[in-house]
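Structural overview for review
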Amino acid sequence: MAILESRTKTGISWVKESIDLFKTAPRKWLLLALAYVGVFMMLPSIPGLQFFAFISVLIWPVFLAIAIMMYRNADMKKQQNLGEIFNQIQPKISQLMALGAACLLYAVLVSFVLNSDIEGLVALTQNKAEMTEPQVLALMQKMVPFMLKLALLLTPLMMATWFSPMLIAFNNYDLVKAIKSSIAGSIQYMIALAAAWILLSGGIVVLMLTVGIAVGIVSNLVPALGQMLTSFLIFGCLLLATALMLAFQYVSYRDAFRAA
């Protein structure tokens, strides 16, 4: 019980420190989040650029190492421009991209495992503009087990990659050691990580609901302005959540591997 309480307090502390770190330069971190969202979410979804999804997975650990280095510099009050950060990480790029390749391979394996479930969901929704209540229930009956399977299969990937890019870039770990240490660190701090995840996610949801109420009031008065504000709100919350998650990833890495 004491360990549970201690780890939960650690997770809460990580959230507070992540927010404090974000407050040091909000514009800078939101621009970093914009780059993250643009490269890894928006570009791969553009028609004709779907192939970029594979490239984005390969370069994701490199981007993450650069982003976490920026947070680390801010935490340590160290001045480095982007070129200096890249030069520092450059010798590790091959191993970081190897980590990206391992993630890509795992994602392909997951897609094979879930292929029949995906086909079943597509068959239920294909060519159906409006679904009847029985069809919606059938879709939900298939969707819930699918989401549970997906979460179960992606959990090892998240554990393997939560710390490993930083361990490769900053601690000179090789690929295998970095993945093993990341999994071990994730297991050791599982309660703290879960508490921080829940608190951050809940905070973003509460923020969206609060601002959403205000936007709803504006929409009743000026509908066109309300629609514009809704899109801006969703995108702004996505950027804020991304910036805070990156800060949280740095803070958790810093404390979990302080001795290393």
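Relevant structure appears above.
Residues numbered from 1 in each chain as written. Predicted model: local features only at pLDDT ≥ 70, side-chain atom pairs only at ≥ 80, totals over all residues. Heavy atoms only, no water.

With respect to the nonpolar core
To be explicit about the condition: Note on terminology: a nonpolar core comprises buried Ala, Val, Leu, Ile, Met, Phe, Trp, Tyr and Cys residues joined through side-chain atoms within 4.5 Å. When a residue's accessible area, from a 1.4 Å probe over protein chains only, is under 20% of the maximum for its type it is buried; when over 50% it is exposed; and in between it is partly exposed. Helix and strand labels come from DSSP, where a helix needs a run of H or I of at least four residues and a strand needs a run of E of at least two; each type is numbered from the N terminus. Whether two residues touch is decided by their heavy atoms; if any such pair falls within 4.5 Å, the residues are in contact.
One finds L32, Y71, F248 and Y253 to be the most contacted residues of the largest nonpolar core, which totals 54 residues. Among the elements that line this core, the one with the most residues is helix α11 (residues 223-256), at 12 residues. Sequence-distant contacts of Y253, that is, excluding residues within four places in its chain, are made with F163, M166, L167, F170, N171 and R258.

Thoughts on unusual backbone geometry
One non-glycine residue, K77, adopts positive backbone phi at about 55°. Position of K77 relative to the elements: it lies in the loop between α3 (52-75) and α4 (82-89). K77 gets classed as exposed once you look at its relative accessible area, which sits at 73%. A positive phi angle, close to 60°, is found at N172, a residue other than glycine. Relative to the elements of secondary structure, N172 occurs in the loop between α8 (164-171) and α9 (175-188).

Description of the packing of aromatic side chains
Put simply, the rule reads: We call Phe, Tyr and Trp rings a pair once their centres come within 6.5 Å, taking the six-membered ring for Trp, and we label the pair stacked below 30 degrees between planes, edge-to-face above 60, and tilted otherwise.
All told, the structure shown has 11 aromatic pairs when counted by the stated rule. Ring centres of W14 and F248 lie 6.2 Å apart, and the angle between their planes is 45°; on these two criteria the pair is classed as tilted. Of the two residues, W14 sits in helix α1 (residues 2-23) while F248 sits in helix α11, which places them 234 residues apart along the sequence. According to the relative accessible area criterion, F248 is buried, its value standing at 0%. Between F40 and F63 the ring centres are 5.2 Å apart and the planes differ by 80°, which places this aromatic pair in the edge-to-face class.

Focus on the pattern of salt bridges
Note the cut-off: One speaks of a salt bridge when a side-chain nitrogen belonging to Lys or Arg is within 4 Å of a carboxyl oxygen belonging to Asp or Glu.
For the structure shown, the criterion picks out four salt bridges. We note a salt bridge from E17 to R254, for which the minimum N-O separation is 2.4 Å. Highlighted residues: E17 in helix α1 and R254 in helix α11, separated in sequence by 237 residues. Residue class for R254 comes out buried when judged on its relative accessible area of 16%. Notably, a salt bridge pairs R254 with D75, separated by 3.1 Å at the nearest N-O pair. Taken together, the positions of R254 in helix α11 and D75 in helix α3 put the pair 179 residues apart, joining distant regions of the chain. Within the structure, one salt-bridge network assembled from shared partners comprises E17, D75, R254, D255 and R258.

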